[in-house]
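Listed below are the residues making up each chain.
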Amino acid sequence: MRPTLPLLCCVLVLLFSGGCRKAEREPEFLLRASLLVAEDHTWYRAFEYFGRILEERSDGRIVLQTYPSEQLAKEIEAIRMIQTGVIDMTSTSSLLSNWTEIMAFCEMPFYMESMEEVDSLMAGTLGERIEEAMIRDTGLRPVGYFQAGPRHLTSNRPIRTPEDLTGLVIRIPNIPAFVTAWDALGAKATPMAFSEAFTSLQQGVINAQENPLPLTKMAGFYEVQQYVNLTYHVFGWTHPVIGEAQFQRFPDDLKAIFLECARDMQIRERELFYANAEETRRFLEDAGMEFLEVDRPAFVAGCGDAVYNTLSPDMQQLYRELKAGKE
């Protein structure tokens, strides 16, 4: 049956009006975020939530596309891509100590004692100084912080004391303080991209790695590692960041909406983090990993002042001030 003229007109009107609606939905700002974590990680899920509320509250003027699992770039490459305006957002922490020294505090080995301590420090001088330094020295603006959870060492032999580390080749992120700490404890610290760690463990290029439990689960390290040695060597966090140049392109009303959504993203991530913590440990135990208590005071003593001695006088002063505030 041939369509009638009125029907054709109706179809054309619908197509035209749909095209208009599509044009109206074209965002003023299309943002791209690159994350190292996979889709089931709390950081990605928080970014996904952020993108949803950001689009809703800006009435479609800002749209965020988030790419997990280093699809766009490894973490250090993502930072450089933001700095050159190729992409817009990522999450990062002490890797930025390669640009600005204060970021070493994000994951300083054997410095923090709990996640509550992190919250306290971030609400005060440390949080303020980190934001200032990041914007000034890296061109990245932190828009909150996510809990990373304590970092633990995984291995294929039991590690209970620093003496057990002798000859152990440990994959670490490219963070100077990590190299210093593990070398001081007698291990062989090997900086390596996160995405390369599983294959390197599988092939025996490295013997161990250290990460929060959610990343250990996400990367499948339970398939190539037997022990989780509960070192609690870092209580760290990561910052969701946007390029400062990208942020400054927003008009004032969108800046306010963006920061409001970012605050809600941080709240959402914290909820997801706590809901996920116990489940992650059970998963790793069910997968065959054995959790071992370690002599943490011996690790703290073994690391000693090694990290402190690498800091500039200004950062040593901040280290002492923060430590005095904790006592």
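On a predicted model such as this, the values are computed, not experimentally measured, just so you know.

Engineer: Would you mind showing me how to read the packing of helix α2 (residues 42–57) against helix α10 (residues 252–286) here?
Structural biologist: Packed helix pairs are specified by the crossing angle of their axes together with the interaxial distance, meaning the distance between the axes. Running from amino to carboxyl end, α2 crosses α10 at an angle of 150 degrees, the nearest separation of the two axes being 8 Å. As for the relative orientation of α2 and α10, their crossing is right-handed in sense. Judged by residue contacts, T42, W43, R45, A46, F47, Y49, F50, I53, L54 and R57 of α2 engage I257, F258, E260, C261, A262, D264, M265, R268, E269, L272, F273 and N276 from α10. The residue makeup of the contact of α2 with α10, split by class, is 14 nonpolar, 2 polar and 6 charged.

Engineer: Would you mind showing me how to read the side chain of K217 here?
Structural biologist: Looking at the secondary structure, you find K217 in helix α8 (residues 213–218). The charged side chain of K217 is buried without a salt bridge, its nearest counter-charge being E279 at 4.3 Å. Those residues in contact with K217 that sit more than four places away from it in its chain are Y222, E279, T280, F283 and L284.

Engineer: Explain the confidence of the model for the protein here, please?
Structural biologist: Parts of the prediction with low pLDDT should not have their coordinates interpreted in detail. When pLDDT is averaged across the protein, the result is 91; 92% of the residues are at 70 or more. The model gives residues 1–23 a pLDDT under 50, and that stretch makes 1 contact with residues more than four places away or in other chains.

Engineer: So what exactly am I meant to see when it comes to the pattern of salt bridges here?
Structural biologist: Opposite charge on two side chains permits them to pair, given that their charged atoms come into close proximity. Tallied over the entire structure, the rule returns 14 salt bridges. With a shortest N-O distance of 2.8 Å, R61 and E28 are connected by a salt bridge. Of this pair, R61 sits in the loop between α2 and β2 (62–67) while E28 sits in the loop between α1 (5–24) and β1 (29–34), and the two are 33 residues apart along the sequence. Of the charged contacts in the structure, one is a salt bridge between R270 and D119, with a shortest N-O distance of 3.0 Å. Note that R270 is positioned in helix α10 and D119 in helix α4 (residues 115–122), a separation of 151 residues in sequence. With relative accessibility at 18%, the residue R270 sits in the buried group.

Engineer: What is the right way to read the pairing of strand β6 (residues 169–172) from this model?
Structural biologist: Side chains V169 and R171 of β6 all project onto a buried face; the interleaved residues I170 and I172 project onto the opposite face, where all are buried too. Relative to strand β7 (residues 188–191), β6 is paired through 4 bridges, and the arrangement is parallel. Paired with V169 across the strands is K188, a residue of β7. Across 2 bridges, β6 lies against strand β8 (residues 208–212) in parallel orientation. Bridge pairing in β8 links R171 to Q209.

Engineer: What exactly am I supposed to notice about unusual backbone geometry here?
Structural biologist: In most cases, non-glycine residues show a negative phi, while peptide bonds are predominantly trans. Despite not being glycine, E70 shows a phi value in the positive range, around 55 degrees. Residue classification places E70 among the buried positions, given a relative accessible area of 15%. Notably, Y232 is not glycine yet its phi reads approximately 45 degrees, a positive angle. Judged by relative accessible area, which is 31%, Y232 ranks as partly exposed.

Engineer: What is the right way to look at the pairing of strand β5 (residues 146–155) in this model?
Structural biologist: Two faces belong to every sheet, and in a regular strand the side chains alternate between them. Taking burial as the measure, the 10 residues of β5 include 9 buried ones, the bulk of the element. The sheet contact formed by β5 and strand β9 (residues 227–243) spans 8 bridges and is antiparallel. Within β9, the position partnered with G149 by the bridge is G236. Two elements, β5 and β8, share 4 bridges in a ladder whose sense is antiparallel.

Engineer: How should I be thinking about helix α7 (residues 194–203) in this particular structure?
Structural biologist: Along an α-helix, residues three or four positions apart point the same way, because every turn accommodates 3.6 residues. The complete set of buried residues in α7 reads F194, A197, S200 and L201. Looking straight down α7, one finds its buried side chains confined to an arc of 100 degrees; they lie on one side. Turned more than 90 degrees away from the buried face of α7, the exposed residues are Q202 and Q203. Buried-residue contacts for α7 involve β6, β8 and α8. Following α7 by one or two positions, G204 adopts a phi angle in the positive range, close to 80 degrees.

Parameters and conventions
Numbers given to residues run from 1 along each chain, matching the order in which its sequence is written. Owing to the predicted nature of the model, reporting of local features is limited to residues with pLDDT of at least 70; listing and counting of side-chain atom pairs is limited to 80 or more, with chain, interface and lining totals taken over all residues. Based on all heavy atoms of the structure, the side-chain values leave hydrogens and waters out of the count. Inter-axis angles, ranging from 0 to 180 degrees, are taken between N-to-C directions of lines fitted to C-alpha atoms, where helices are fitted over the stretch in contact. Runs of H or I in DSSP of at least four residues are treated as helices and runs of E of at least two as strands, each being numbered from the N terminus. Left-handed describes a crossing whose near helix is turned anticlockwise from the far helix through less than a right angle; right-handed describes the clockwise counterpart. The contact criterion used is simple: two residues touch if any of their non-hydrogen atoms lie within 4.5 Å. Ten residue types, Ala, Val, Leu, Ile, Met, Phe, Trp, Tyr, Cys and Pro, are classed as nonpolar, four, Asp, Glu, Lys and Arg, as charged, and the remainder, Gly among them, as polar. Here the term buried applies to any residue with accessible area under 20% of the maximum for its type, exposed to any over 50%, and partly exposed to those in between, with areas from a 1.4 Å probe on protein chains only. This count recognises Lys and Arg as positive and Asp and Glu as negative, with His and chain-terminal groups excluded. For this analysis, a salt bridge means a side-chain nitrogen from Lys or Arg found within 4 Å of a carboxyl oxygen belonging to Asp or Glu. Scored from 0 to 100, pLDDT records how confident the predictor is in each individual residue. Strands pair, by our definition, only if DSSP identifies at least two bridges between them. The directions considered for the arc run from the helix axis to the C-beta atoms.

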